[in-house]
Amino acid sequence: MVELVKLQKNKPAFDELGTSIVAVTVEDNDGMRKTMKRVGSGVAFIRDTEGQLMDLFGLRDQAPNPSGKSVPRSANILLRQDGQVLWVHNSPNYRVRLGPDDVLDAIKQRLTPSK
Amino acid sequence: MRPTLIFLMVPFSFLVYFLLVLGMGIFQEYPVIHYLVAFVALFYLFKATREKRTAYLWVLNGLGWVLTLFFIWWTLIFSTYKQNPWPIKEQDNISARIADMALETVDGEPVVLPELLQKNPTTLLVFFRGHW
């Protein structure tokens, strides 16, 4: 979740690119509130109540977390207004995440029209 | 006392790894420095044990190896995802597939993702795993 804190700190750079950040969670209400409080207001949160969104992207981790709940793999997905997928990235393991600079670079690359 | 301190370098090295992740968001795919610190500690612990062969020192050696091998196994093998199919590719359009999903805000208000996407030229969805 600390990766969201880092993205939020770089929010002005995302704003400049016209990109909003939406965190997708399967946490319960208490967990979600706690996370939102820690991350701050620059990131919108939505709850994927039945895991449909994580399943669409094939992100459900086969190994549930210690409490027995299904959690998604960490991933970043860039979508255009019309629903076109511009970029997909998921972590090779559950320890590592992309930092904000890598995410911003990937977005810039996708938004620059290729000639 | 000194071998005990050397032994403690092993769990300390791994503890620092977790503190860097959770506190500062420093994600290391290969935490080489932490392995190295543990191996240096194990080397000196073994040296101390050769000079003074006590059961206590052998136990510290064993524990140090168990901790180190566990950390290496966890970081390099256990935490790695098994290959998942990645059903959505770049350039796919998913607007029809996300139109009717059970998504909601923290207050339980329904969220229609295609409408949310309309608010900005692009939207970055970040899937995360709760605390870690």
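What this report covers is the structure whose coordinates are included nearby. (Residues numbered from 1 in each chain as written. Chains lettered and ligands numbered in written order. Predicted model: local features only at pLDDT ≥ 70, side-chain atom pairs only at ≥ 80, totals over all residues.)

Let's shift gears to the overall build of chain B. Scanning chain B from N- to C-terminus turns up four helices and two strands. A compact globule built from 132 residues would reach a C-alpha radius of gyration of about 14 Å, whereas chain B, at 24 Å, exceeds it by more than 25%. Here the C-alpha coordinates of chain B stretch approximately 70 × 30 × 25 Å along the principal axes. Residues counted as buried form 22% of the 132 residues belonging to chain B. Across chain B, contacts joining residues at least 24 apart in sequence account for 50% of those joining residues at least 6 apart. (Helix = DSSP H or I, 4+ residues; strand = E, 2+ residues; numbered from the N terminus. Rg over C-alpha atoms; globule rule 2.2 N^0.38 Å. Buried ≥ 20, exposed ≤ 12 C-beta atoms within 10 Å, placed from the backbone. Contact = placed C-beta atoms within 7 Å.)

Facing the 46 residues of chain B at the interface are 61 residues of chain A. Elements that contribute at least two residues to the side of chain B that touches chain A include exactly strand E1 (103-104), helix H4 (113-117) and strand E2 (122-127) of chain B. With six residues, E2 of chain B is the largest single contributor of residues to the side of chain B that touches chain A. The residue makeup of the side of chain B that touches chain A, split by class, is 23 nonpolar, 15 polar and eight charged. Direction of pairing for strand E2 (residues 44-48) of chain A relative to E1 of chain B: antiparallel, over a ladder of two bridges. (Nonpolar A, V, L, I, M, F, W, Y, C, P; charged D, E, K, R; others polar. Pairing = 2+ DSSP bridges.)

Quick look at helix H1 (residues 2-24) of chain B now. Residue and element names in this part refer to chain B. Compared with the 33 Å implied by 1.5 Å per residue over 23 residues, the 31 Å span of H1 between its first and last C-alpha is a close match. A bend of about 30° at Val 10 is the largest found in H1, and the proline Pro 11 appears one to four places after it. Looking at H1, one finds that the buried residues are Pro 3, Ile 6, Phe 7, Val 10, Ser 13, Phe 14 and Tyr 17. (Expected span 1.5 Å × (residues − 1). Bend = angle between axes of the 7 residues up to and from the residue.)

The next subject is unusual backbone geometry. All names here are of chain B. Despite not being glycine, Gln 91 has its phi angle at roughly 85°, a positive value. Tracing the backbone through its elements, the reader meets Gln 91 in the loop between helix H3 (55-78) and E1. Given 8 C-beta atoms within 10 Å, Gln 91 falls into the exposed group.

This part covers the sheet that holds E2 of chain A. Across a sheet, paired strands are connected by hydrogen bonds in the backbone, their directions being either parallel or antiparallel. Spatial strand order, E4(A)-E3(A)-E2(B)-E1(A)-E2(A)-E1(B): six strands in an open sheet with mixed pairing. Of all strands in the sheet, those bounded by a partner on one side alone are strand E4 (85-90) of chain A together with E1 of chain B. Bridge analysis of strand E3 (residues 75-80) of chain A against E4 of chain A gives five bridges, and the strand direction is antiparallel. Residue pairing for E4 of chain A: Ala 75 of chain A is matched across the bridge by Asn 90 of chain A. Sheet strands touched by helix H5 (residues 100-111) of chain A: strand E1 (19-25), E3 and E4 of chain A together with E2 of chain B. Its angle to E4 of chain A, the strand with the most contacts, is close to 155°. (Axes fitted to C-alpha atoms, helices over the stretch in contact; angles between N-to-C directions.)

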